[in-house]
Amino acid sequence: MSKKIGGSPDSGQAADAGLAPRPRRRRTKFGDWQCNMLEWGAIGRESGRQIKEYAQCRADTGLYRPEGSPAIREAREYLCREMTGLGLEVTRDYAGNIYGTRPGREPDKAVLTGSHIDTVSGGGQFDGAYGVVAALEVMRRLVKDDYPNRRPVEMVAFMGEEGSAFSQALLGSAALAGAMPREDILRLTAFDGRSFEEIVEAGSPTGLKTIKKDVSDYEYFVEAHIEQGPILWTE
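Everything numeric in this text was worked out from a predicted model, so none of it was measured. (Residues numbered from 1 in each chain as written. Predicted model: local features only at pLDDT ≥ 70, side-chain atom pairs only at ≥ 80, totals over all residues. Heavy atoms only, no water.)

A. Geometry of the overall build of the chain. Per the secondary structure count, the chain includes eight helices and six strands. Starting at the N terminus and walking to the C terminus, you meet the elements of the chain as α-α-α-β-β-β-α-β-α-α-α-β-β-α. When burial is assessed residue by residue, the chain has 48% of its 235 residues classed as buried. Taking contacts inside the chain between residues at least 6 apart in sequence as the whole, the part at least 24 apart equals 69%. Roughly 11,700 Å² of accessible area belongs to the chain as shown, and the carbon and sulfur atoms make up 51% of that amount. (Helix = DSSP H or I, 4+ residues; strand = E, 2+ residues; numbered from the N terminus. Buried < 20%, exposed > 50% of the residue type's maximum accessible area, 1.4 Å probe, protein only. Contact = heavy atoms within 4.5 Å. Areas by Shrake-Rupley, 256 points an atom, 1.4 Å probe, with all protein chains shown as cover.)

Have a look at this one:
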């Protein structure tokens, strides 16, 4: 049976994952990863503004995708649709990190790659999201080439890396690494008074299986990251 590579999942795949299918976009001018960047770049911008070309992205009109907002939920739903379309197993952990897993030929420790898609106010289009798009493109190539990876390969979108909802940043990666006790994370209260669990639920797609994740599950972690700011823009 053939697998659809890239683009939107068909309606059956999306329905199975509890997600509404995304309208199909003609991808003739850009590759899949470029379309991912452009389409993500429209989520969290000023209302009604559509980004069609890189040149339209201005330094003074950045993104705002704080944790617990409709924008971050939409961004994660987009990611889940893309991963579902590639046949990945899509899950989340208690901290709201979202994973897409491609099994390996052997039950070895996995290779993990990814970054984050939440932003600060006026955040850059590539800051964090570039690492998630890069991970998605790796998965797309593995599927397209039917590559027989020995280790499992996983991609991740970490939750709360920018500190946009809490006084604490790097929450998702700290939860996975065990750098912050689970009970301390769950006790956090957002700037707007919501609990950590309320923020996670507000920003997470429905229907995702929640599983236990630990840093010991992984042998390697690779992150492509752009710390976007005025120097990057001017150069």
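Still to come is the rest of the account.
B. How the structure looks around the pattern of salt bridges. With the rule as written, the count across this model stands at 12 salt bridges. The partner of Arg73 in a salt bridge is Glu77, and the shortest N-O contact between them spans 3.4 Å. On the criterion of helical spacing, the pair formed by Arg73 and Glu77 is a turn pair, its members being four residues apart in helix H3 (residues 70-85). In this structure Glu77 comes out as partly exposed when scored by relative accessible area, which is 23%. (Salt bridge = Lys/Arg side-chain N within 4 Å of Asp/Glu carboxyl O.)

C. Inspection of the packing of helix H2 (residues 32-41) against H3 at higher detail. Two elements in contact, H2 and H3, have axes whose closest approach is 10 Å; the angle formed by their N-to-C orientations is 155 degrees. Our classification of the angle between H2 and H3 gives roughly antiparallel. The two elements H2 and H3 meet at a crossing, and its hand is right-handed. For the pair H2 and H3, contact is made by Cys35, Asn36, Glu39 and Trp40 and by Ala75, Tyr78, Leu79 and Glu82, respectively. A class-by-class count of the residues in the contact of H2 with H3 yields five nonpolar, one polar and two charged. (Axes fitted to C-alpha atoms, helices over the stretch in contact; angles between N-to-C directions. Parallel < 35°, antiparallel > 145°, perpendicular 65-115°, else oblique. Left-handed = near helix turned anticlockwise from the far one by under 90°. Nonpolar A, V, L, I, M, F, W, Y, C, P; charged D, E, K, R; others polar.)

D. Here's a closer look at the environment of Ala134. Its location among the elements puts Ala134 in helix H4 (residues 129-144). In this structure the C-alpha to C-alpha distance between Ala134 and His225, which are 91 residues apart in sequence, comes to 9.3 Å.

E. Seen up close, the side chain of His116. Looking at where His116 falls in the secondary structure, it is placed in strand E3 (residues 110-116). Among the polar contacts made by the side chain of His116, one reaches the main-chain carbonyl oxygen of Asp118 at a distance of 3.0 Å. Setting aside residues no more than four positions away along its own chain, His116 makes contact with Asp127, Gly128, Ala129, Val132, Phe158, Glu161, Glu162 and His225. (Polar contact = N/O pair within 3.5 Å; in protein donor to acceptor, adjacent residues only side chain to side chain.)

F. Representation of the pairing of strand E1 (residues 89-92). In this sheet, strand E2 (residues 98-102) lies alongside E1 in antiparallel orientation, the contact comprising four bridges. Looking across to E2, one finds that Thr91 is bridged to Tyr99. Connecting the antiparallel pair E1 and E2 is a turn made up of five residues, with Gly96 showing a positive phi of about 90 degrees. (Pairing = 2+ DSSP bridges.)

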